[in-house]
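Listed below, chain by chain, are the residues.
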Amino acid sequence: MRKKLFITLLVLLAFAGVWYVGFFEKEPTPQPQPPDGKIDVKVGKNSPSFTLDSLAGNQVTVGKTGRITVINFWATWCPPCLEEMPELEKFAKKNQQKVQFYAVNLQESQENVRGFMNKHNYTMPVLLDKDGIVAKQFQITAIPTTIIVDKNGLIKHRQSGAMTMNQLDGIINSL
């Protein structure tokens, strides 16, 4: 008799537990969204695509290309940017067959940027982020900032501060 009573109590407790969990079950927790609708642009995440005007005036779309892509955010008034420009120029020339390279200028006029590039005989591809929207999308808080994207569109490296050709080569070769 005691055994029957014990089993009945266990069954009732089991039903009560199932009812309790089902009754008080909360709504699924929504996934956190980035603030202000920004995309998560950290290492290991997919790089967003974007379209900007080139220094030549045509529109260029940067996205998943099946090639490694290097995106460098810079400005002509930024001392560390100016310091790294010769290194970026060498890197872009040396790797133009295997790497898509873009120097994304932040919020400067086409004339100012063109004058700067001509003065220093730089030939690397320059895109103009005239209103800073792409910089906001990539959450750029300091310049220069360089982002390296692999062939599959994943961000593999992100660095604020000047970079050398050797540093870039090392990262590219590790991919």
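Just so we're clear, the structure is a prediction, and the values are computed from it rather than from any experiment. Every chain begins its residue count from 1, and numbering advances along the sequence as written. Given that this is a predicted model, residues contribute local features only at a pLDDT of at least 70 and side-chain atom pairs are listed and counted only at 80 or more, while totals for whole chains, interfaces and linings are drawn from all residues. Neither water nor hydrogens contribute to the side-chain values; these are computed over all heavy atoms in the structure.

Caption draft 1: Molecular detail of the overall build of the chain. Helix and strand assignments follow DSSP, with helices taken as H or I runs no shorter than four residues and strands as E runs no shorter than two, numbered in order from the N terminus. Scanning the chain from N- to C-terminus turns up five helices and seven strands. Burial here depends on accessible area, computed with a 1.4 Å probe over protein chains only, as a share of the maximum for the residue type. Under 20% is buried, over 50% is exposed, and the range in between is partly exposed. In the chain, which comprises 175 residues, the proportion classed as buried is 38%. When the accessible surface of the chain is totalled, it reaches about 11000 Å², and 57% of it is carbon and sulfur. Note on areas: these come from Shrake-Rupley sampling with a 1.4 Å probe, and a residue is covered only by the protein chains present in the view.

Caption draft 2: Representation of the side chain of histidine 157 within the structure. Tracing the sequence through the fold places histidine 157 in strand β7 (residues 155-160). Polar contact criterion, stated in full: a pair of N or O atoms within 3.5 Å, where within protein one must be able to donate a hydrogen and the other to accept it, and residues adjacent in sequence count only if both atoms are side-chain atoms. Of the polar contacts made by the side chain of histidine 157, one reaches the side chain of glutamine 159; its length is 3.2 Å. Excluding its chain neighbours within four sequence positions, the residues that come into contact with histidine 157 are Val43, Thr146, Ile147, Ile148, Met163 and Ile171. Residues are treated as being in contact if the distance between any of their heavy atoms lies within 4.5 Å.

Caption draft 3: Looking closely at the side chain of aspartate 150. Counting through the fold element by element, aspartate 150 comes out in the loop between β6 (145-149) and β7. A polar contact is formed between the side chain of aspartate 150 and the backbone nitrogen of asparagine 152, at a distance of 2.9 Å. Residues in contact with aspartate 150, not counting those within four places in the same chain, are Arg67, Ile68 and Lys156.

Caption draft 4: Representation of the packing of helix α2 (residues 79-94) against helix α5 (residues 165-174). The axes are straight lines fitted to the C-alpha atoms, using for helices just the contacting stretch, and the angles between their N-to-C directions are given from 0 to 180°. For the pair α2 and α5, interaxial distance at closest approach is 8 Å and the crossing angle is 40 degrees. On the basis of their axis angle, the class for α2 and α5 is oblique. On α5, the residues touching Glu87, Leu88, Lys90, Phe91 and Lys94 of α2 are Met165, Asn166, Leu168, Asp169 and Ile172. Each residue gets one of three labels, nonpolar for Ala, Val, Leu, Ile, Met, Phe, Trp, Tyr, Cys and Pro, charged for Asp, Glu, Lys and Arg, and polar for the others, Gly among them. Here the contact of α2 with α5 is composed, by residue class, of five nonpolar, one polar and four charged. What sets the label is the angle itself: under 35 degrees gives roughly parallel, over 145 gives roughly antiparallel, 65 to 115 gives roughly perpendicular, and the rest give oblique.

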